[in-house]
Amino acid sequence: MNALNEQEVDGGAVKPALPFFLFGKFKEVGFGDKLFRGITGFFAFLILVLALMTFLALWVNSGPCFKAIGWKFLISSEWDPIQQKFGAVPFVYGTLVSSFLALLIATPLGLGISLFLTELAPLNLRTPVAFIVDILAAIPSVVYGLWGMFVLAPIMQAYVDPVMVKVIGGPFFVTTSIGLSFFTAGVILSIMILPTIIVISREVFEAVPNVYRESAKALGATDWETIQLSVLKPSKPGVVGAVMLGLGRALGETMAVTMVIGNMAQVTPNLLAPGHSMASVIANEFTEATGDVYLAALSEIGLLLMVITLVLNIAAHLLVWFTTRNYGRA
Amino acid sequence: MFGINYQTRRSFTNKLMVFLCGLAAVIAFIPLMSLLIYVVSQGFQQFRPAFFVNLPEPVGVPGGGMANAILGTLTLMVIASVVGLPVGIFAGVYLAEFGKKSKFAWTVRFVADVLSGVPSIVTGIVAYTVIVKPMGNFSALAGGCALGFMMIPIVTRTTEELVKLIPHSLREASWALGIPEWKTILSIVIRTAKNGILTGVLLSIARVAGETAPLLFTSFNNQFWPRSINEPTASLTVQVYTYAISPFDDWRQQAWTGALVLLLIVLAVNVFAKMFFKTGRGVLR
Amino acid sequence: MIDELMQKEKAQKVKMETTKPVGESVKLVVPHTEVEMSAVQKVKVKAEGVCAWFGDKQALFDVNMNVNQKEVTAIIGPSGCGKSTLIRCFNRMHETVPTARFAGDIMLEDKSIFDPKLDPVVVRRRIGMVFQKPTPFPTLSIYENVIVGLKLNGVRDKKVLDQAVESSLRKAALWEEVKDSLNKPGAALSGGQQQRLCIARALAVELEVLLMDEPCSALDPISTSKVEELIHELRQNYTIIIVTHNMQQAARVSQKTAFMLNGKLIEYDATEKVFTNPSNKLTEDYITGRFG
């Protein structure tokens, strides 16, 4: 439906299927058309301005930090505003660790749910489950944070953390904590990025024409084999895209993480220890930052965060493009 | 021809995987239920008229409310809409109508996608830099602009998608009547897509209404009624955050109530937008 | 459950009253049709009082039909007459539509395919299906497409697989065209080749009955004639049921023809008889192009 319309529109709006002389008249003589095009085009241009402004604002703001600390900022793990020592490593580490944990939990869950929604669930169950996903997506981040602080963190501390220490242990789950940790942040992030992964992978799965499912079934494939063969295999690039967009959301998520990660700048393999993330340090310290370099250091973390999400987004696009192209050729 | 054991294993794998997919849905349901139950049960304890008409009180003084924060949030929404909607809608129309193959449109589309991936806290820094710094103080204007910046890419892309869905035959019918293209777009295309665009707008407002991060150092916070858009302004989200991380039980209790109000607003707008979309002459679905 | 049983019982009663004359008429007609056909033709698939619903809408009304072994049976009729629904019942594909309901019974060699103990998956391994649009799995190569059914059944032996690929592709008259490009993706073939690839894919499993749902309607005339030739070939070893809206095609490829209208089986007889001397007025109207 969508594709069809797009095609129709594609063939038309700019170069309608009218005789070219009529079309030319349409375009050249109409002053109103030109004006309208100019106005809307100007607003479109403003988007580019906004992007440029975002980048420049961060860049200029980070200036003093570049000057004072330079590249060391990226490799130092010391964060001591009083002694004017700034290093981004603990925050990059915290962001990556909590986001990666979130993906680890949310990817199988999200894909399972979207398969359930598109392929397996009885019709009368699909609408309620989809509704639940919608609500999950609509809940504000600060509400997640509140719940994470007062409900999730105590549960993690009392029940989940001890089990993880016993079952996995090792360097990753050492001692029980106060419940505010990388791990808790990862768990709450996984809940928050679940809707993103579900909505996008669901779109991808629904794009698979039904005939492929039927051909797999006609070969005697079970429900699961049908899914593997006709749904999952051709959807791989789209699923990767869905997961990457989920990751993008996890990286930039601020409030919920700030409220449960413990806010301590450190690099440790122990996931049950409190940590800090790039977004949470900005949220916590930006208004209290005294001195140019301190403020600039926080801005630079913001710049870094933006660059990371930007790279991730572009990589997601390229990967999807590359795999779909491969798949088209293949 | 084929081993019986293998067939049993196949059918077992199948049942297991179907079960696991269903289980995933159940697992996702648990935190949601827990969250809703806590917000409602905890939030209801302070959910009374005083909460909606009173200003915040210092710790220990009973009867404090979040009236100024609720008003502040509304103010921020209005400013954000003024900043974000015109740009978003017109840019979306441009992309859908004139931006089929041009490099400029491709760039705008790409940049809009990238912008919608920019973390909200970063948008906060930007608004701080371009508005708070030059003006010298935190303000509702800065907060509203930050939220407006966030709305722009969302509204742009939804508008584009919806305008694209309008069948070409409608435009042709209008051209055939000798109506110029710009009038066709304004009076036929946009009007047909109106309900859909409105839904997209409402959803984007609901989304930024729940934002906290970009407000922390733009609109900041305030204990009093807002008097102008050029001074620090309280908002529900920031107030909930401030109270939540405070060490006082009284305030924490109010944070739950604030969260309940916030949740009700956001869910109501969501449900309203979706109902509107269904009953209206929507073009999607 | 009880409801279903009662429906089944009812359908069976109806069958008792109606099938007999049909069966007799079939027996009477058979000797006249083609030389190779004998009166002792074995019945391969038997539909007994088949009714089907989608939601509240009934799509099939008490269809009784005996399909003989190693024959091509064509089902014709105007759009929406239920012919596709019927053919999808034959391997329980109709169950993939969530709102579908079914009553009656279908027997494969005297065993009900609706036996509650029987997994539809097992049924579909013996009764394969080819669809209107060719559907080679886009991410798989030609080779992988053919053996996909075997792989599902746990066959891993490279030799067995190689053999199966060659023999299935030969049976589907595709081997000569693709033997040098087995690792190319299935989607790279032409439409007609893709459809024959799908037939090969169905043949690779332990297939007995092949259902074809308008297999040529998406193909050009040359590809169509190739597929029709193939159907002739396959009749040596398989029982084939083909749904088509193309009456010439039905006349060309089939030995038996069933004419359906509004979910009912109007006439079912030897192809020659249906097309030259139909016993029902409605059939005649349709054949002569008065409607549909």
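Here's the deal with the overall build of chain C
In step 1: Within chain C one finds 11 helices and 10 strands.
In step 2: For chain C, with 292 residues in total, the buried portion stands at 48%.
In step 3: Within chain C, contacts between residues at least 6 apart in sequence are counted, and of these 71% link residues at least 24 apart.

What about the overall build of chain B?
In step 1: Within chain B, the secondary structure is distributed over 10 helices and zero strands.
In step 2: The order of α-helices and β-strands along chain B, N terminus first, is α-α-α-α-α-α-α-α-α-α.
In step 3: Taking 19 Å as the expected radius of gyration for a compact globule of 285 residues, we find that chain B reaches 24 Å, considerably beyond that expectation.
In step 4: Taking the principal axes of its C-alpha atoms as reference, chain B extends roughly 70 × 70 × 35 Å.
In step 5: For chain B, buried positions account for 51% of its 285 residues.
In step 6: Long-range pairs, those at least 24 residues apart, make up 74% of the contacts in chain B between residues at least 6 apart in sequence.

Notes on the environment of A:Leu310
Residues and elements named next belong to chain A.
In step 1: You can see Leu310 is positioned in helix α13 (residues 292-329).
In step 2: Since 17 C-beta atoms lie within 10 Å of it, Leu310 is described here as partly exposed.
In step 3: Sequence separation between Leu310 and Asp223 is 87 residues; the distance between their C-alpha atoms is 38 Å.

Thoughts on the packing of helix α7 (residues 141-167) of chain A against helix α8 (residues 182-206) of chain A
All names here are of chain A.
In step 1: At a minimum axis separation of 10 Å, α7 and α8 run at an interaxial angle of 130 degrees. Comparing their axes, α8 and α7 come out oblique. Our pair here, α7 against α8, has a crossing hand that is right-handed. Touching Tyr144, Gly148, Leu152, Ala153 and Met156 of α7 are Phe183, Thr184, Val187, Ile188 and Met192, all from α8.
In step 2: Partitioning the contact of α7 with α8 into residue classes produces eight nonpolar, two polar and no charged.

Comments concerning the sheet that holds strand β6 (residues 127-130) of chain C
Strands pair in a sheet through their backbones, by hydrogen bonds, and they do so in one of two ways: parallel or antiparallel.
All names here are of chain C.
In step 1: Pairing is mixed in the open sheet, where six strands are placed in the order β6-β7-β8-β3-β9-β10. Because the sheet does not close on itself, it has two edges, and the strands there are β6 and β10 (264-270). In this sheet, adjacent strand axes meet at a mean angle of 20 degrees when their direction is disregarded.
In step 2: Direction of pairing for strand β3 (residues 72-76) relative to strand β9 (residues 256-261): parallel, over a ladder of four bridges. Residue pairing for β9: Ala74 is matched across the bridge by Thr257.
In step 3: In this fold helix α7 (residues 191-203) packs onto β6 and β7 (209-213), with an angle of close to 170 degrees to the strand it touches most, β6.

Brief notes about the packing of helix α9 (residues 210-218) of chain A against helix α10 (residues 223-252) of chain A
In a pair of packed helices, the angle between the axes and the distance between the axes together describe the arrangement.
Residues and elements named next belong to chain A.
In step 1: With their axes 9 Å apart at the nearest point, α9 and α10 run at an angle of 140 degrees to one another. On the basis of the axis angle, α9 is oblique to α10. α10 is crossed by α9, and the crossing has right-handed handedness. Across the interface between the two elements, Tyr212, Arg213, Ala216 and Lys217 of α9 pack against Glu225, Thr226, Leu229, Ser230 and Val231 of α10.
In step 2: Residues that form the contact of α9 with α10 fall into these classes: four nonpolar, two polar and three charged.

Examining helix α8 (residues 181-209) of chain B
In step 1: Look at α8(B): only 36 Å from first C-alpha to last across 29 residues, short of the 42 Å you get at 1.5 Å a residue.
In step 2: At B:Lys194, α8(B) shows its largest bend, some 60 degrees.

Overview of unusual backbone geometry
Residues and elements named next belong to chain A.
In step 1: One non-glycine residue, Gln84, adopts positive backbone phi at about 60 degrees.
In step 2: Relative to the helices and strands, Gln84 is located in the loop between α4 (72-75) and α5 (89-120).
In step 3: Residue class for Gln84 comes out exposed when judged on the 12 C-beta atoms lying within 10 Å of it.

Details of the sheet that holds strand β2 (residues 57-68) of chain C
All names here are of chain C.
In step 1: Taking strand neighbours across the sheet as the criterion, the four strands line up as β2-β1-β4-β5 in an open arrangement whose pairing is antiparallel. One side of each edge strand has no neighbouring strand; the edge strands of this open sheet are β2 and β5 (111-112).
In step 2: Here strand β4 (residues 100-108) runs beside β5; their pairing, made up of two bridges, is antiparallel. Counted as the bridge partner of Met107 is Ser112 from β5.

A closer look at the interface of chain A and chain B
In step 1: Counting from both sides, the interface comprises 74 residues of chain A and, opposite them, 79 residues of chain B.
In step 2: Counting residues per element, the side of chain A that touches chain B draws most heavily on helix α3 (residues 31-69) of chain A, at 19 residues.
In step 3: Each residue belonging to the side of chain A that touches chain B can be placed in one class, and the counts come to 48 nonpolar, 20 polar and six charged.

Here's the deal with the pairing of β9(C)
All names here are of chain C.
In step 1: Taking burial as the measure, the six residues of β9 include six buried ones, the bulk of the element.
In step 2: The two faces of β9 match: Lys256, Ala258 and Met260 on one face and Thr257, Phe259 and Leu261 on the other face are all buried.
In step 3: The hairpin turn running from β9 into β10, its antiparallel successor, is two residues long, and Asn262 in that turn takes a positive phi close to 50 degrees.

Quick word on the pairing of β10(C)
Residues and elements named next belong to chain C.
In step 1: Most of β10 is tucked away: five of the seven residues are buried.
In step 2: Across six bridges, β9 lies against β10 in antiparallel orientation. Its bridge partner being in β10, Phe259 is matched across the sheet by Glu267.

A few points about the domain arrangement of chain B
All names here are of chain B.
In step 1: When its domains are assigned, chain B resolves into domain 1 (2-46) and domain 2 (49-278).
In step 2: Look at where the C-alpha atoms of domain 1 and domain 2 centre, and you get two points 34 Å apart.
In step 3: With six residues of domain 1 at the contact, the number on the domain 2 side is eight residues.
In step 4: Of the residues belonging to the side of domain 1 that touches domain 2, the class tally is two nonpolar, four polar and no charged.

Quick notes on the confidence of the model for chain C
Residue and element names in this part refer to chain C.
In step 1: Summary statistics for chain C give a mean pLDDT of 82 and a share of 86% for residues scoring 70 or more.
In step 2: When the criterion is pLDDT under 50, residues 13-39 qualifies, and its contacts beyond four places in sequence or with other chains add up to 27 contacts.
In step 3: Two summary scores accompany this predicted model of the complex, namely pTM at 0.82 and ipTM at 0.90.

Topic: α7(A)
The α-helix advances 3.6 residues per turn, and as a result positions three or four apart in sequence lie on the same side.
In step 1: In this model, α7(A) (27 residues) spans only 31 Å end to end at C-alpha, well below the 39 Å of a helix rising 1.5 Å per residue.
In step 2: In the stretch just after α7(A), A:Gly169 is the one whose phi turns positive, near 60 degrees.

Things to note about the environment of B:Phe98
Residue and element names in this part refer to chain B.
In step 1: Within the element layout of this structure, Phe98 appears in helix α3 (residues 67-98).
In step 2: When the 21 C-beta atoms within 10 Å are taken as the criterion, Phe98 is described as buried.
In step 3: Here the alpha-carbon distance between Phe98 and Trp182, two residues 84 residues apart in the chain, equals 11 Å.

Rules used in this analysis
Residues numbered from 1 in each chain as written. Chains lettered and ligands numbered in written order. Predicted model: local features only at pLDDT ≥ 70, side-chain atom pairs only at ≥ 80, totals over all residues. Helix = DSSP H or I, 4+ residues; strand = E, 2+ residues; numbered from the N terminus. Buried ≥ 20, exposed ≤ 12 C-beta atoms within 10 Å, placed from the backbone. Contact = placed C-beta atoms within 7 Å. Rg over C-alpha atoms; globule rule 2.2 N^0.38 Å. Axes fitted to C-alpha atoms, helices over the stretch in contact; angles between N-to-C directions. Parallel < 35°, antiparallel > 145°, perpendicular 65-115°, else oblique. Left-handed = near helix turned anticlockwise from the far one by under 90°. Nonpolar A, V, L, I, M, F, W, Y, C, P; charged D, E, K, R; others polar. Pairing = 2+ DSSP bridges. Expected span 1.5 Å × (residues − 1). Bend = angle between axes of the 7 residues up to and from the residue. Domains from an automatic or database assignment. pLDDT = per-residue confidence, 0-100.

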